[in-house]
Amino acid sequence: MGGIFLHVFFFLLALLSYTFFRRDKREPRKKAKLPPGSMGWLFIGETLQLYSQDPNVFFADKQKRYGEIFKTHILGCPCVMLASPEAARFILVTQAHLFKPTYPKSKECLIGPSALFFHQGDYHLRLRKLVQASLSLDAIRNLVADIEAAAVSALDSWDGGRVINTFQEMKKFSFEVGILAIFGHLNDHYRQELKKNYLILDKGYNSFPTNIPGTPYKKALQARKRLNKILGDIIRERKEKRLHEKDLLGFLLNSKDEKGEVLSDDKIADNIVGVLFAAQDTTASVITWIVKYLHDNPKLLEAVKTEQKSIRKLNEEGNQPLSWTQTKNMPVTYKVILESLRMASIISFTFREAVADVEYRGYLIPKGWKVMPLFRNIHHNPEFFTDPHKFDPSRFETAPKPNTFMPFGSGVHACPGNELAKLEMLVMTHHLVSKFRWEVIGSQSGIQYGPFPIPLQGLPARFWKESTR
Ligand code: HEM
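Here goes a summary of the coordinates provided. In every chain, residue numbers begin from 1 and rise along the written sequence. Only residues with pLDDT of 70 or above have their local features reported here, since the model is predicted, and side-chain atom pairs are shown and tallied only from 80 upward, although totals for entire chains, interfaces and linings are computed over all residues.

**Observations regarding the overall build of the chain**
Then comes step 1: For the purposes of this entry, the term helix denotes a DSSP run of H or I that reaches at least four residues, the term strand denotes a run of E that reaches at least two, and both are numbered from the N terminus. Of regular secondary structure, the chain possesses 18 helices and twelve strands.
Then comes step 2: Taken over C-alpha atoms, the radius of gyration is set against a globule rule of 2.2 Å times the number of residues to the power 0.38. Its C-alpha atoms give the chain a radius of gyration of 25 Å, within 12% of the compact-globule value 23 Å for 469 residues.
Then comes step 3: Remark: C-beta atoms are placed from the backbone, and a residue is labelled buried if 20 or more other C-beta atoms sit within 10 Å of its own, exposed if 12 or fewer do, or partly exposed between those counts. Going through the 469 residues of the chain one by one, you find that 37% of them count as buried.
Then comes step 4: Each residue is represented by a C-beta atom placed from its backbone, and any two residues with such atoms within 7 Å are regarded as in contact. Considering only contacts in the chain between residues 6 or more positions apart, those separated by 24 or more positions represent 74%.

**Some thoughts on the site of the ligand**
Then comes step 1: A residue counts as near a molecule or strand when its C-beta atom, positioned from the backbone, falls within 6 Å of it. Lining the immediate surroundings of the ligand are 26 residues, of which A278, T350, G409, C415 and G417 lie closest.
Then comes step 2: For the shell around the ligand, the elements supplying multiple residues, two or more each, are α6 (122-134), α9 (166-183), α13 (265-296) and α18 (418-435).
Then comes step 3: Residue contributions to the shell around the ligand peak at six residues, all from α13.
Then comes step 4: The nonpolar class holds Ala, Val, Leu, Ile, Met, Phe, Trp, Tyr, Cys and Pro. Asp, Glu, Lys and Arg form the charged class, and all remaining residues, Gly among them, are polar. Across the shell around the ligand, the residue classes break down as 18 nonpolar, seven polar and one charged.

**Looking at the sheet that holds strand β12 (residues 460-465)**
Then comes step 1: Two strands qualify as a pair provided that DSSP identifies no fewer than 2 bridges between them. Within the open sheet, the three strands sit side by side as β4-β12-β9. Their pairing is antiparallel. Two strands close off the open sheet at either side, each with one partner strand: β4 (164-165) and β9 (436-440).
Then comes step 2: In the sheet, β4 pairs with β12 via two bridges, with the strands oriented antiparallel. Its bridge partner being in β12, N165 is matched across the sheet by P460.

**Overview of the pairing of β12**
Within a regular strand, the side chains alternate between the two sheet faces.
Then comes step 1: Pairing of β9 with β12, which is carried by five bridges, proceeds in the antiparallel orientation. Within β12, the residue paired with E439 across the bridge is R462.

**Thoughts on helix α11 (residues 216-241)**
Then comes step 1: Here the expected span of a helix is defined as 1.5 Å times the quantity of residues minus one. Taking 1.5 Å per residue as the helical rise, α11 with its 26 residues ought to reach 38 Å, and the 37 Å between its terminal C-alpha atoms agrees with that figure.
Then comes step 2: Taken together, the buried positions of α11 are occupied by Y217, A220, A223, R224, L227, L231 and I234.
Then comes step 3: At the C-terminal side of α11, R242 shows a positive phi close to 50 degrees.

**Notes on unusual backbone geometry**
Then comes step 1: The phi dihedral of Q457 is positive, around 55 degrees, even though this residue is not glycine.
Then comes step 2: One can find Q457 in the loop between β11 (453-455) and β12.
Then comes step 3: With 14 C-beta atoms packed within 10 Å, Q457 lands in the partly exposed category.
Then comes step 4: Phi is positive for L459, close to 60 degrees, though the residue is something other than glycine.
Then comes step 5: Here L459 is to be found in the loop between β11 and β12.
Then comes step 6: Under the C-beta neighbour-count criterion, L459 is labelled buried, with 25 such atoms within 10 Å.

**Considerations on the sheet that holds strand β3 (residues 99-101)**
Then comes step 1: Within the open sheet, the five strands sit side by side as β1-β2-β8-β5-β3. Their pairing is mixed. Looking at strand neighbours, the two that pair on one side only are β1 (69-74) and β3, the edges of this open sheet. Along the sheet, successive strands turn relative to each other by an average axial angle of 35 degrees, direction set aside.
Then comes step 2: As paired elements, strand β2 (residues 77-82) and strand β8 (residues 370-373) share four bridges and run parallel to each other. By the bridge assignment, L82 is partnered in β8 with P373.
Then comes step 3: Sitting on the sheet, helix α4 (residues 85-94) is in contact with β1, β2, β3, β5 (352-354) and β8, with an inclination near 130 degrees to β8. Only the stretch in contact is used when a helix axis is fitted, and all axes are lines through C-alpha atoms; the angle between N-to-C directions ranges over 0 to 180 degrees.

**Comments concerning helix α16 (residues 331-344)**
Then comes step 1: Taking 1.5 Å per residue, 14 residues should reach 20 Å; α16 reaches 20 Å between its end C-alpha atoms and fits that length.
Then comes step 2: Residues of α16 that are buried include every one of T333, V336, I337, E339, S340, L341, R342, M343 and A344, and no others.
Then comes step 3: The inward-facing, buried residues of α16 abut α13, α14 (298-317), α17 (375-379), α18 and β11.
Then comes step 4: The positive-phi residue at the C-terminal boundary of α16 is S345, with phi of around 35 degrees.

**Details of the environment of E245**
Then comes step 1: Its location among the elements puts E245 in the loop between α11 and α12 (248-254).
Then comes step 2: Taking the number of C-beta atoms within 10 Å as the measure of exposure, E245 has 16 and is therefore partly exposed.
Then comes step 3: Linking E245 and S134, residues 111 residues apart in sequence, is a C-alpha distance of 9.9 Å.
Then comes step 4: Residues contacting E245, with those up to four places away along its chain left out, are G184 and G250.

**Side note on the nonpolar core**
Then comes step 1: The term nonpolar core means buried Ala, Val, Leu, Ile, Met, Phe, Trp, Tyr and Cys residues held together as one set by C-beta atoms within 7 Å. By size, the foremost hydrophobic cluster in this structure holds 83 residues, and its most contacted members are I182, I272 and I290.
Then comes step 2: Contact partners of I182, with chain neighbours within four places excluded, come to D247, L248, L249, I272, V275 and L276.
Then comes step 3: With 29 residues, the next largest nonpolar core counts A83, F349, I365 and F375 among its residues.

**Brief notes about the packing of α11 against α13**
Then comes step 1: Two numbers describe how α11 lies on α13: the axes approach to 10 Å, and their chain directions differ by 110 degrees. Taken together, the axes of α11 and α13 are roughly perpendicular relative to one another. By crossing handedness, the relation of α11 to α13 is classed as right-handed. On α13, the residues touching L227, N228, L231, G232 and I235 of α11 are D265, I268, A269, I272 and V273.
Then comes step 2: Looking at the contact of α11 with α13 residue by residue, the classes come out as seven nonpolar, two polar and one charged. Orientation is classified from the angle alone, with under 35 degrees giving roughly parallel, over 145 giving roughly antiparallel, 65 to 115 giving roughly perpendicular, and any other angle giving oblique. For any pair of crossing helices, the crossing counts as left-handed if the nearer helix is rotated counterclockwise from the farther one by less than a right angle, and right-handed if it is rotated clockwise.

**Here's the deal with the packing of α13 against α18**
Then comes step 1: For the pair α13 and α18, interaxial distance at closest approach is 10 Å and the crossing angle is 35 degrees. Where α13 crosses over α18, the two elements pack in a sense that is right-handed. Residues T282, T283, V286, I287 and I290 of α13 lie in contact with α18, whose contacting residues are A421, E424, M425, M428 and T429.

**Some words on the environment of M343**
Then comes step 1: One can find M343 in helix α16.
Then comes step 2: In this structure, the C-alpha to C-alpha distance between M343 and H380, residues 37 residues apart in sequence, is 7.5 Å.
Then comes step 3: If near-sequence neighbours (up to four positions away) are discounted, M343 is found in contact with Y293 and F391.

In structure tokens, the structure reads:
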């Protein structure tokens, strides 16, 4: 009897401790409470509040009211928003494995489900290494001459004072650079076909997802199919030629996993469309802001002009093109670029989803909730950037505090194209300020979301080559 009692006792003890430890493993955060904040109205949460005002005002107001971590409910999802450098590091770097990337299915279908930024773990790592290698400093230094040619050709096409939409024109430029980084020199037929279909995809990307024929989303889906066919042709040709190019397509084609398997053509196509997508609007938005900030700050423009004109003079005397070394030695312009990235903070935040219950500073982030590190709030916090609404490149004479400046994100998904983006901005600014003057048309201020913040109406402006007027 005593033996049976002991057995039962030990069984219960084992069961209890098993349950306790399992609970501890699976739900370690039961005691933690949800962050402060409001979940808004039933079903719609705070989506209306977010979209009826400037989203950045929404985030800033919330932070003022609740502090650096708060909950809300937008677009049908419960969310935790985090506005401190430590929290961003926690989500994106130290505990990145607990937060997976998350995008609406409708967007995944347009880009292609195998694009690296939808993934985490081994597949993501494999693709990321390839993309990083194709965008490394060693790789992009060979692109300077081609980027320069693209910038000169764009600027020359604006000469004469007709009104252009700066953002739309900068998109054409960043698309050309994206093509260069992915394919090197691509024949004109393929380039035109890619451009035509990518434009349709781009138009449908932010439209309502529906299969109804004739809608922008449906047209975008059809264009995506055609892009696959065009990319398939390019891939086949490259395979036949057996070229081992050092562009992104070359890296993707030559990659083998540990079993010796190559990437399928579909996976390659998804990643090409993904990189084009990641590269175009982002870079174009920031360059558009640079044009605006320089226009609005004449003293600064003079300083940048002086720097760039001395480089141009040297190159004209020696009949030399702009060199990689010169792009690495433009301190005044470089600080303008950093300050533009901070001020505009075009990626105001990013999205992740908690894959388990996670505790952060005593608060519970429940499994399945969306998690949003708010880069813009950090970049505009006076604790880290004095007088944050002032455009002041000199603040970058000293390095920002760790994790306070993340225009290109941080951690495992940080932007692999950041050096290329900066190179594009430097080259474009070099030719813009050393040869052109420009005038902004209409309203001087105002922001538009598309979905990245850009100056109102894409910054309509007129450009003139300085010698011609
Ligand atoms: C000024 C221009 C750019 C800005 C501000 C920017 C910003 C960012 C940010 C913030 C992320 C991280 C997003 C996240 O964590 O969820 C990111 C990721 C990414 N960016 Fe950029 N980007 C720029 C230009 C480019 C360019 C030129 C390329 C390629 C040629 C590129 C390719 C990518 C890719 C492939 C990812 C996904 C990386 C991954 O998931 O591992 N970006 N970018």
